[in-house]
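Listed below, chain by chain, are the residues.
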Amino acid sequence: MDIVSDPGEIRTRCREWARCGVVTGLVPTMGYLHAGHGSLLRLARERADRVVASVFVNPTQFGPGEDLDAYPRDLERDAALAATAGVDVLFAPTPQSMYAPEAATWVEVPELARYLCGASRPTHFRGVCTVVAKLFLLVQPAVAVFGEKDWQQLAILRRMTADLGFPVEIVGGPIVREADGLALSSRNVYLSPEERAQAIHINKGLELAAAMVAAGEADPAVVLARVRGYFASYLPDGTVDYLSCVHPARLYSLERIDGPALFAAAVKFSRARLIDNRLVDAVAPPR
Ligand code: PAF
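Quick caveat: nothing in here was measured; it's all calculated off a predicted structure.

Analysis parameters
Residues numbered from 1 in each chain as written. Predicted model: local features only at pLDDT ≥ 70, side-chain atom pairs only at ≥ 80, totals over all residues. Heavy atoms only, no water. Buried < 20%, exposed > 50% of the residue type's maximum accessible area, 1.4 Å probe, protein only. Helix = DSSP H or I, 4+ residues; strand = E, 2+ residues; numbered from the N terminus. Pairing = 2+ DSSP bridges. Right-handed = clockwise from strand over helix to strand, strands pointing away. Axes fitted to C-alpha atoms, helices over the stretch in contact; angles between N-to-C directions. Parallel < 35°, antiparallel > 145°, perpendicular 65-115°, else oblique. Left-handed = near helix turned anticlockwise from the far one by under 90°. Contact = heavy atoms within 4.5 Å. Arc of directions from axis to C-beta. Near = heavy atom within 4 Å. Polar contact = N/O pair within 3.5 Å; in protein donor to acceptor, adjacent residues only side chain to side chain.

**A short note on the pairing of strand β6 (residues 169-173)**
And step 1. In terms of burial, β6 is a largely internal element, four of the five residues being buried.
And step 2. Here strand β5 (residues 143-147) runs beside β6; their pairing, made up of five bridges, is parallel. Note on β6: the bridge partner recorded for V145 is V171.
And step 3. Since β5 and β6 lie parallel, the crossover through helix α8 (residues 151-164) that links them has a hand, and here it is right-handed.

See below:
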């Protein structure tokens, strides 16, 4: 596996591959790779002849006061994991090589970015869309893989890809969890032992929502009230940023669950803000 840091070099290599008919898969990451990223890399490996993984802690998606400087980084470890997962090229650029000092162009999907995480992180998704668009232009992948844990990001990137006509198939990779159900995240390292023990209840609360829908409850307000109560009891050190029941693609809050619905939550602990979600489908109403 090669490590490339120069955007010009990755563009030249990927252009050369495209000229030879090679199908390229891209897995964009911010590094500090874990088994969740491993599963995304495997999905790309199954679909493409060559796999590029990017490791770039993208400054434009962090707001003022967020954890840009503290975000965990370990390129050596990332390179070892990527090589084991069959990555051909690890692209690890610097912020200076990705953004000109006078850069003033953004790619945005405001209609979808205003909900869920976008409500408390108003500039986050334009940073994500802008860097992913830049990566698509450099790597020209036929397929790009993103995790379903960041469901809103995935929905926004699908919209961006369709709207801008990028010839890229967007693939979502299922959430990978610890044995006790906590969704894997690079930010889990920020949790204190007490917070780590409580954090499993985010997934358990979402499971409770899914069980209520499976039992026939169709009113999101009833389900959300019950899960809010559960979170209040089991997440004493966490602050719920949001707990919502939304349309899975368009992300607006649902008034009734009569088809697919996404329960999504964000919980802030002292140093980590964790997100998780669960897709449910309503029990068909009796005729
Ligand atoms: O999901 C992430 O790690 C980042 O938001 C992404 C897609 C790599 C863009 O920086």
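**Things to note about the packing of helix α7 (residues 124-139) against α8**
And step 1. Packing of α7 against α8 brings their axes to within 10 Å, and their N-to-C directions diverge by 50°. Our classification of the angle between α7 and α8 gives oblique. Once α7 is placed against α8, the crossing between them reads as right-handed. In this structure, α7 uses F125, V128, C129, V132, A133 and F136 to contact α8, whose residues at the interface are Q152, Q153, I156, L157, M160 and T161.

**Some words on the sheet that holds strand β9 (residues 273-281)**
And step 1. Spatial ordering of the open sheet is given by β7-β8-β9, a layout of three strands whose pairing is antiparallel. Pairing within the sheet leaves two strands with one partner each, and these edge strands are β7 (239-246) and β9. Across the sheet, the mean angle from the axis of one strand to that of its neighbour is 10°, orientation sign disregarded.
And step 2. Here β7 runs beside strand β8 (residues 260-268); their pairing, made up of seven bridges, is antiparallel. Across the sheet, the residue bridging to L243 is A265, located in β8.
And step 3. Docked against the sheet, helix α10 (residues 220-234) engages β7 and β8, running at close to 155° with respect to β7.

**Some words on helix α3 (residues 75-84)**
And step 1. For α3, the complete set of buried residues consists of D78, A79 and A82. In a view along the axis of α3, the buried residues occupy a sector of 100°, so they form one face of it. Opposite the packed face of α3, turned more than 90 degrees from it, sit the exposed residues E76 and T84.

**Notes on the environment of A197**
And step 1. With respect to the element layout, A197 can be found in helix α9 (residues 193-214).
And step 2. Along the backbone, A197 and L182 are 15 residues apart, and their C-alpha atoms lie at a distance of 9.4 Å.

**So, the site of the ligand**
And step 1. As a structural note, the neighbourhood of the ligand is formed by P28, T29, M30, N58, Q61, V128, V131, F146 and Q153.
And step 2. In the model, an oxygen atom of the ligand is placed 2.6 Å from a nitrogen or oxygen of the Q61 side chain.
And step 3. Between the ligand and Q153, the relevant distance is 2.7 Å, taken from an oxygen atom to a side-chain nitrogen or oxygen of the residue.
And step 4. When contributions to the shell around the ligand are tallied by element, the ones reaching two or more residues are β2 (24-29) and α7.

**Observations regarding unusual backbone geometry**
And step 1. Phi at Q140 is positive, roughly 50°, even though this residue is not glycine.
And step 2. Here Q140 is to be found in the loop between α7 and β5.
And step 3. A relative accessible area of 36% places Q140 in the partly exposed class.
And step 4. For L251, which is not glycine, the phi torsion reads 70° and is therefore positive.
And step 5. Structurally, L251 can be placed in the loop between β7 and β8.
And step 6. Taking relative accessible area as the criterion, L251 reaches 0% and is therefore assigned buried.

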